[in-house]
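Chain residues, written in single-letter form:
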Amino acid sequence: MRKELPNDRRKFILSMARGVGLSAMGALVWSAYVDEVKAAPLILRPPGALDEPDFLKTCIKCGLCVEACPYDTLMLAQPGDNNPIGTPFFVPRDIPCYMCDDIPCVPVCPTGALVQDSVTTEVEDELTWDITKIDMGLAVVDVESCIAFWGIQCDACYRACPLMDEAITLQYDKNERTGKHAFLKPIVHADACTGCGLCERACVTKKPAIYVLPNEVALGEVGDHYIKGWDKADESRLKDAKGGTTVTERSNRSAVDSLNDTGDLY
Amino acid sequence: MRKIRYLLMRRFTQIGILVLYFGANAYGWKILQGNLSASSLFETVPLADPFALLQMLFAGAVLATDVIVGALIIALFYAVIGGRAFCSWVCPINMVTDLANWLRRRLGISDVQKRVYMSRNVRYWVMAMALLLSTAMGLAAFEIISPIAMAHRGLVFGMGFGIGALVIIFLFDLFVHENAWCGYVCPLGGFYSILGKFSLFRVKHDAEACTLCMKCKEVCPEKEVLFMIGKNSGSVLMGACTNCARCIEVCDDDALDFSIRSQLEQTIEQTKEKA
């Protein structure tokens, strides 16, 4: 009996250590994999989708939106697609979103990952679908490869746009090279563009010169340092601006000391 | 036929459900749409995977009523009636692992070595880890790696490399460890083992009729649940039993059958004993 006791204790400690070790290994491998596969910054989501982090939390990967889509635009990411497995997305270059008036993909979502409120408006106390409210991404023009910017007349994207003259307008500029022709340059307006990708699908160049990117990628952000002083509405952004002083090694000293500093400037 | 009557019924439900899902996506049938993660029955009744929902809640998702109702319906069904029946009557992976186990028996692999040591409780650890990682990573962690989801989603919406996950499970079950995935690792199986612990639909053993041939233990994927074989009569009460009914079919002595009442009787007896 006395001989067995330390052996039992050893066995117990070993099995505990083994459990902890295996759990730690499993958790590390598992979380590393999850972290890799959920990073898909260029993925385009269905209409009315929550922000990407919340969407990944909330989507149950059932594919009901995919089945509701009459144009086979939406797909579920398969293993090997390098997108978060099982989540719905679309590739406008292949099949764009045709912006159905009744938005069939949104109401079928059982979890609320696709939000009805974000694509409806109230008309005379009645909620109606409003396809123009969807915001899946933003069309971006590569002016280097867009032939309209070369001076060749092409308004394929402008005409394909379901919100013609709102999301894409044509800007007439004088073609200085010829001196007698006009540029008809497509300009995308972020506030109206829905990211449907009909322009990308319609683009005539070998590889589309206009393409949809997620808003997160396509849009910059000015921040509080600059405002349109001529625009009262823009000035209101400063209401929430937080004051603050940047403290560096240099700013700790007085300005005079800074001028007398004999050290290197940087 | 009598020897495989339940097996045929199980294959019928497993494949039938997948066919309905497939038809919904491919031909627009409105019977059962979606997949095993969440679906819509006749466009009205929502159904959802309660374990997926649990992970999503751990990830911090704010969920719509539809999916919560759907998960409650499924959870109630298995908790009250089916037990762990999802695993053997619905889950498509069951066909992969059954094939591996059938081959194992045919090739006599289990006679050489049944298994290296692994605890049946691994599945509960994996389940706990799935919930913890869901919180840590901010999304349903098992749903991202689940070969079950890859299988049913893949068969309906396109498989991609998901076939690789099935091959891994098949090879592991065939060559490394008997029933490894379904019997030891799968956290969904662990979840349903706990959820279905007190369900009414049970296999019942009649020790009087038993001739101790042990064919039932030979085919059972969760052998521990049949500990009473030949010793005493009663229901198989452990949550790990998948109600696959293979034991009932292979029994030549009618010593096993499905039953509901005996479970109730036993529970009453147990409570009496405790009192």
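In this text, all values refer to a predicted model and were calculated from it rather than measured experimentally. (Residues numbered from 1 in each chain as written. Chains lettered and ligands numbered in written order. Predicted model: local features only at pLDDT ≥ 70, side-chain atom pairs only at ≥ 80, totals over all residues. Heavy atoms only, no water.)

Below, the discussion takes up the state of the cysteines. Counting across every chain of the model gives zero disulfides over all chains. A disulfide-free cysteine, A:C157 has its sulfur positioned 6.2 Å from the sulfur of A:C146, the nearest such atom. Of all cysteine sulfurs in the structure, the one in B:C91 sits closest to B:C182, which takes part in no disulfide; the separation is 6.4 Å. Using a relative accessible area of 21% as the deciding quantity, one classes B:C182 as partly exposed. (Disulfide = S-S within 2.5 Å. Buried < 20%, exposed > 50% of the residue type's maximum accessible area, 1.4 Å probe, protein only.)

It is worth spelling out the pattern of salt bridges at this point. As enumerated under the stated definition, the model contains 15 salt bridges over all chains in all. The shortest N-O distance in the salt bridge between A:E52 and A:R45 comes to 2.7 Å. A salt bridge links B:R84 to B:E222, with the shortest nitrogen-to-oxygen separation between them at 2.8 Å. Linking B:R84 in the loop between helix 3 (65–82) and helix 4 (85–90) with B:E222 in the loop between helix 13 (215–219) and strand 5 (234–235), this pair joins segments that are 138 residues apart in sequence. (Salt bridge = Lys/Arg side-chain N within 4 Å of Asp/Glu carboxyl O. Helix = DSSP H or I, 4+ residues; strand = E, 2+ residues; numbered from the N terminus.)

Take a nonpolar patch on the surface next. Taken together, the side chains of B:I15, B:V19, B:F22, B:Y27, B:W29, B:I31 and B:F42 present a nonpolar region at the surface, about 690 Å² in accessible area. Residue classification places B:F42 among the exposed residues on the basis of a relative accessible area of 54%. (Patch = residues over 30% accessible without salt bridge, like charges linked within 9 Å, V, L, I, M, F, W, Y side chains within 5 Å. Areas by Shrake-Rupley, 256 points an atom, 1.4 Å probe, with all protein chains shown as cover.)

All names here are of chain A. By the assigned domains, chain A splits into domain 1 (52–133) and domain 2 (138–218). For domain 1 versus domain 2, the distance between C-alpha centres works out to 25 Å. In this assembly, ten residues from domain 1 lie in contact with 13 residues from domain 2. Considering only the side of domain 1, the residues that lose the most area to domain 2 are P92, R93 and M99, jointly responsible for 57% of the buried surface there. Residues R93 and E200 are paired through a salt bridge, measuring 2.8 Å at the closest nitrogen-oxygen approach. In this structure, the connection of domain 1 to domain 2 is made through four residue pairs in polar contact (both at pLDDT 80 or more). (Domains from an automatic or database assignment. Contact = heavy atoms within 4.5 Å. Buried area = accessible area lost by both parts, 1.4 Å probe. Polar contact = N/O pair within 3.5 Å; in protein donor to acceptor, adjacent residues only side chain to side chain.)

To continue, consider helix 2 (residues 50–59) of chain B. The buried count for helix 2 of chain B comes to seven of ten residues, which makes it a mostly enclosed element. All buried positions along helix 2 of chain B are accounted for by B:P50, B:F51, B:A52, B:L53, B:Q55, B:M56 and B:A59. For helix 2 of chain B, the secondary structure elements touched by its buried residues are helix 2 (52–58) of chain A together with strand 3 (45–48), helix 3, helix 7 (122–137), helix 8 (141–145) and helix 12 (187–195) of chain B.

Time to look at the domain arrangement of chain B. All names here are of chain B. Per the domain assignment, the segments of chain B are domain 1 (2–194) and domain 2 (201–274). Between domain 1 and domain 2, the C-alpha centre-to-centre distance is 24 Å. Contacts between the two partners involve 24 residues from domain 1 and, on the opposite side, 24 residues from domain 2. Together, the buried faces of domain 1 and domain 2 total about 1800 Å²; carbon and sulfur atoms form 40% of this surface. Counting the contacts that link domain 1 with domain 2 gives five salt bridges.

With 31 residues of chain A at the interface, the matching set in chain B holds 42 residues. Regarding the contact of chain A and chain B, the summed buried area is about 3000 Å², with carbon and sulfur atoms giving 70% of it. In this structure, the connection of chain A to chain B is made through zero salt bridges. The interface formed by chain A and chain B holds nine residue pairs in polar contact (both at pLDDT 80 or more) in total. For the side of chain A that touches chain B, the secondary-structure elements that each account for two or more residues are helix 1 (4–38), helix 2 and helix 3 (64–68) of chain A. Ranked by residue count, the leading element in the side of chain A that touches chain B is helix 1 of chain A, at ten residues. Taken together, the residues of the side of chain A that touches chain B sort by class into 16 nonpolar, ten polar and five charged. (Nonpolar A, V, L, I, M, F, W, Y, C, P; charged D, E, K, R; others polar.)

Attention shifts here to the side chain of B:R202. Positionally, B:R202 belongs in strand 4 (residues 202–205). Salt bridges are absent for the buried B:R202, whose nearest opposite-charge side chain, B:E222, sits at 11 Å. (Lys, Arg positive; Asp, Glu negative; His and termini not counted.)

Within the fold, A:N83 resides in the loop between strand 1 (75–76) and strand 2 (88–89). Ignoring anything within four residues of it in the chain, the contact list for A:N83 reads A:V37, A:A40, A:I43, A:A77 and A:F89.

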